[in-house]
Amino acid sequence: MLALRLARGSHPLVLLRRLSVAAAAAGTGFLLLSTVGHAAGHPSAADESLVRLLWCAAPLAATAQFAVSCARTDPAARLQRGMAAAGLGPLRLTLLATASTALTCLLGVLLALLAFLRLRGDLGGPGGSGSLGIDSALLGAGHPVPLAGALLLLATVPVTAALATAVALRPRNENGSRETAARPRTAPPSGLPWGIALAAAGLAIEAYTSPGPHAPGGLLPLPGRLIGSPPGVLAGWALSAFGLVLAGPGLVHLCGRLLCAGRPGALRLLSGRVLQEESHRLGRPLGVLCAVGSAAYAAVKVYEASPARPFGPLTAVGAAVVLACVTASALTAALESRTARAHTTAALRRLGASASVLHRAAALRGLALVLVLAPLTWTVAEMATLPLVH
């Protein structure tokens, strides 16, 4: 009840973030239900149904990451003055954030269930192959769907998001606080060489195991076409993506060091120091965004080179969920970083720093990140598509 009351009294921006999490959960839940419908309509194609289910892991992970990012910036999950006296310590605030995340995702999957039944024609009326472009045959229309199995599969979305929120926001020190400033942190450049090494190893594996342009099994391991393709193609890309995520904090820290190189002025020094300080908070979401961006670029290149046009409406739904979630997670991390620097920003304003200087420093940080991360993302994507489109 407390989670519902806090949701009702939240700021419109907070409500918008929660609605975005519900929409992401709805998209992921719909994809999970589509695998159940496909299995019900094609009992002889169990392998293909399993492949479709495995591909749902990407939007599920992206939804969980986005839910955690929104929970971090939720004002209701922060320890404020008077909450401890009311019995809301760090542990109970974590439980409150977990419950809010579970309720938000539960709303989303219920909407997904209604949309799934409506498109199948189970709620009366014709099936939905028109406006959304999803043929009801893809959802197993006309074949009974096991309700218990569908509900159990849907439950994985709120359960996964809630568990991820509980782990990310758990109290970490003896006093029950989430603050970790007193604990020594590992320097971000230490993850940079390992991340680059993993990305290079993944590209090498993909180039070695990928089929030629005339090999059977298709050009890219997409849903329905993965069977017959070497698993090393998918494993190589996954390793490269994990390398980008691991190298994310180091790359952000490197951007900050490059800005501070030489004899920097006040603007470059301020921008570089902020990037170095916030590399732990911004690095992982930006690394995930780079990994997904490289995958999206590679998918577009393969789509243009493949005459079969292997993408379908469900693939588009999954790609939209993943891209929206990782982009929103990066923006939410940037908002969290801005909130964490509120006292520093206020001190700079008291010392005479104008708003235009702070805005130019923020623009310089963004430009530095784009100049370093965009070419790297393009290089990884281009090297990954070379053995697939040539």
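Here the structure is a predicted model, which is why all the values come from computation and not from measurement.

A. Broad picture of the packing of helix H5 (residues 90-120) against helix H7 (residues 156-168). Closest axis-to-axis distance for the H5/H7 pair is 8 Å, and the angle between their directions is 160 degrees. As far as their axial angle goes, H7 and H5 are roughly antiparallel. Here H5 runs over H7; the crossing is right-handed. Each of Thr94, Ala97, Thr98, Thr101, Ala102, Cys105, Leu106 and Val109 in H5 lies in contact with H7, whose residues at this interface are Val157, Pro158, Ala161, Ala162, Thr165 and Ala166. Of the residues that constitute the contact of H5 with H7, the class distribution is ten nonpolar, four polar and no charged.

B. Structural view of the confidence of the model for the protein chain. The pLDDT averaged across the protein chain works out to 79; a share of 75% of its residues lies at or above 70. Within the protein chain, the element-level pLDDT minimum falls on helix H1 (residues 2-8), averaging 59, and the maximum on H7, averaging 94. Low confidence marks residues 180-184, where pLDDT is under 50. Its contacts with residues over four positions away, or in another chain, come to three contacts. Contacts for the low-pLDDT stretch residues 212-230, under 50 throughout, to residues beyond four places or in other chains number 41 contacts.

C. Spatial organisation of the UniProt feature "transmembrane region" (unreviewed entry) in the protein chain. According to UniProt, the "transmembrane region" (unreviewed entry) feature falls on residues 49-72, 93-117, 147-169, 190-209, 234-260, 281-300, 312-336 and 357-378. Measuring from the first to the last C-alpha atom of residues 49-72 gives 35 Å, for a span that is 96% helix and 0% strand. As a span, residues 93-117 carries 100% helix and 0% strand, and end to end its C-alpha atoms are 36 Å apart.

D. Local environment of the pattern of salt bridges. Summed over all chains, the structure comprises three salt bridges. One salt bridge in this structure joins Glu48 and Arg52, with 3.5 Å as the shortest N-O distance. Residue Glu48 and its partner Arg52 are both found in helix H3 (residues 46-55); the two are separated by four residues, about one turn of the helix. Look at Arg52 and you get buried, because its relative accessible area is 17%. Residue Glu278 pairs with Arg281 through a salt bridge whose shortest N-O separation is 2.3 Å. Residue Glu278 is classed as buried on the basis of its relative accessible area, which comes to 6%. For Arg281, a relative accessible area of 28% corresponds to the partly exposed category. Connected through shared salt-bridge partners, Glu278, Arg281 and Glu336 make up one network.

E. Layout of the environment of His38. Following the sequence through the fold, His38 ends up in helix H2 (residues 12-41). In this structure, the C-alpha to C-alpha distance between His38 and His143, residues 105 residues apart in sequence, is 9.5 Å.

F. Region of the structure containing helix H10 (residues 266-277). Along its twelve residues, H10 runs 16 Å from first to last C-alpha, staying within 8% of the 16 Å computed at 1.5 Å per residue. Looking at H10, one finds that the buried residues are Ser271, Gly272, Val274, Leu275 and Gln276.

G. Just the packing of aromatic side chains, in detail. By the definition in use, this model includes one aromatic pair. Ring geometry for Phe30 and Phe116: centres 6.4 Å apart, planes at 75 degrees, overall edge-to-face. Linking Phe30 in helix H2 with Phe116 in helix H5, this pair joins segments that are 86 residues apart in sequence. Here the two residues Phe30 and Phe116 agree in accessibility, since each one is buried.

H. Examining the side chain of Thr101 more closely. Structurally, Thr101 is set in helix H5. Residue classification places Thr101 among the buried residues on the basis of a relative accessible area of 7%. Side-chain polar atoms of Thr101 contact the backbone oxygen of Ala97, separated by 2.9 Å. Apart from the residues within four sequence positions on either side, Thr101 is in contact with Ala67, Ala71, Ala161, Ala162 and Thr165.

I. Representation of the nonpolar core in the model. Within the largest apolar cluster, 33 residues are counted, with the highest numbers of intra-cluster contacts made by Val21, Phe30, Leu33, Phe66, Val157, Cys325 and Val326. If you list the elements that add at least two residues to this core, you get H2, helix H4 (57-72), H5, helix H6 (147-154), H7, helix H11 (279-305) and helix H12 (313-340). With nine residues, the top contributor of residues to this core is H2. Split by domain, the residues of this core number at least three in each of domain 1 (9-169) and domain 2 (190-210 + 225-386). Beyond its immediate stretch of four places on either side in the chain, Val326 contacts Ala62, Gln65, Val288, Leu289 and Val292. Among the nonpolar cores identified, the runner-up in size contains 22 residues, and Cys255, Leu286, Ala330 and Leu369 belong to it.

J. Up close: a nonpolar patch on the surface. A grouping of Leu107, Leu111, Leu114 and Leu123 is seen on the molecular surface, where their side chains present a nonpolar patch of about 380 Å² in accessible area. Turning to its location among the elements, Leu123 is positioned in the loop between H5 and H6.

Definitions and limits used
- Residues numbered from 1 in each chain as written.
- Predicted model: local features only at pLDDT ≥ 70, side-chain atom pairs only at ≥ 80, totals over all residues.
- Heavy atoms only, no water.
- Axes fitted to C-alpha atoms, helices over the stretch in contact; angles between N-to-C directions.
- Helix = DSSP H or I, 4+ residues; strand = E, 2+ residues; numbered from the N terminus.
- Parallel < 35°, antiparallel > 145°, perpendicular 65-115°, else oblique.
- Left-handed = near helix turned anticlockwise from the far one by under 90°.
- Contact = heavy atoms within 4.5 Å.
- Nonpolar A, V, L, I, M, F, W, Y, C, P; charged D, E, K, R; others polar.
- pLDDT = per-residue confidence, 0-100.
- UniProt positions renumbered as here; feature names shortened; annotations may be inferred.
- Salt bridge = Lys/Arg side-chain N within 4 Å of Asp/Glu carboxyl O.
- Buried < 20%, exposed > 50% of the residue type's maximum accessible area, 1.4 Å probe, protein only.
- Expected span 1.5 Å × (residues − 1).
- Phe/Tyr/Trp six-rings, centres within 6.5 Å; stacked < 30°, edge-to-face > 60°.
- Polar contact = N/O pair within 3.5 Å; in protein donor to acceptor, adjacent residues only side chain to side chain.
- Core = buried A, V, L, I, M, F, W, Y, C linked by side-chain atoms within 4.5 Å.
- Domains from an automatic or database assignment.
- Patch = residues over 30% accessible without salt bridge, like charges linked within 9 Å, V, L, I, M, F, W, Y side chains within 5 Å.
- Areas by Shrake-Rupley, 256 points an atom, 1.4 Å probe, with all protein chains shown as cover.

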